[in-house]
Amino acid sequence: TIRPIAIGEFLRRLTCAIAALSAKDASVDHFLPHQVVIAVPGGAEAVLLGTHRLFKNHRADPDYAAMSLDGSNAFCTADRRNILEEVQAVFPALARLAYFIYAGAALLFFGLHVLWSLLGTHQGCNIGALLFCLGIHKMLQKAGVKVDYLVAYSDNITALGKADQLAAAHRVFCAEGEPIGYRI
């Protein structure tokens, strides 16, 4: 498959960087405890340490397990309508910028061909990760009540619990993920 890399012009990137900074504190409040990629220093390390500590506390329980999921091409297949609805609801100050960038198709030029980008966030977009995380956050919240521990670092999700808890969370990811473009 062809995976185009679309990086916007300088002014758009600068505008998005400023917008992302303006949403930094509100992002932490909104995304924690389930997401540690936005404005959380050492977020990936936090996932590893949290997982290790919880496993250490349950090492005598043979039924305790972990589930690690990675979205299949998740940033490129995220449903933009879902993302735009979420940004309007959660970060309305960013909504006009997000609509400007993502409401329509982006034209990608590949040699003599023109590709229409209609899904996902743009690689190199400074608010792309924030928007992607908004798009999957409700799914994470629904799955998070099924397990003892659930945390995501962008599209990489780690969950811990008993096998039946993990199975229930997996069913949530399958049912809720497909309509929003998150496929495991």
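Procedures and definitions
- Residues numbered from 1 in each chain as written.
- Predicted model: local features only at pLDDT ≥ 70, side-chain atom pairs only at ≥ 80, totals over all residues.
- Heavy atoms only, no water.
- Helix = DSSP H or I, 4+ residues; strand = E, 2+ residues; numbered from the N terminus.
- Buried < 20%, exposed > 50% of the residue type's maximum accessible area, 1.4 Å probe, protein only.
- Pairing = 2+ DSSP bridges.
- Phe/Tyr/Trp six-rings, centres within 6.5 Å; stacked < 30°, edge-to-face > 60°.

Peer 1: Where do I start with the environment of I127 in this structure?
Peer 2: With respect to the helices and strands, the residue I127 is situated in the loop between β3 (113–117) and α7 (128–144). Given the relative accessible area of 0%, I127 is considered buried. Separated by 114 residues in sequence, I127 and R13 place their C-alpha atoms 8.8 Å apart.

Peer 1: Quick question: what am I supposed to make of the pairing of strand β5 (residues 156–162) here?
Peer 2: Each regular strand displays side chains that alternate between the two surfaces of the sheet. Summarising burial for β5: five of the seven residues are buried, a large majority. Pairing of strand β4 (residues 149–153) with β5 involves five bridges; the strand directions are antiparallel. Bridge pairing in β5 places L150 opposite A159. The antiparallel pairing of β4 with β5 creates a hairpin that spans two residues between the two strands, and S154 there sits at a positive phi of about 55°.

Peer 1: Help me understand the environment of C174 in this model?
Peer 2: Examined against the element boundaries, C174 turns out to sit in helix α8 (residues 163–180). According to the relative accessible area criterion, C174 is partly exposed, its value standing at 38%. Along the primary structure C174 and M139 are separated by 35 residues, whereas in three dimensions their C-alpha atoms are 9.8 Å apart.

Peer 1: I keep staring at the packing of aromatic side chains and nothing clicks. Help me out?
Peer 2: Each pair of aromatic rings is reported with the distance of its centres and the angle of its planes. This model, assessed by the stated rule, comprises three aromatic pairs. Judged by centre distance (6.1 Å) and plane angle (85°), the rings of F55 and Y64 are edge-to-face. The exposure class of Y64 is buried, given its relative accessible area of 7%. Measuring from centroid to centroid gives 4.1 Å for F75 and F132, while their planes differ by 20°, and the two rings are stacked. Remark: F132 occurs in helix α7 and F75 occurs in helix α4 (residues 74–77); sequence separation between them is 57 residues.

In short, geometric facts, not functional conclusions.
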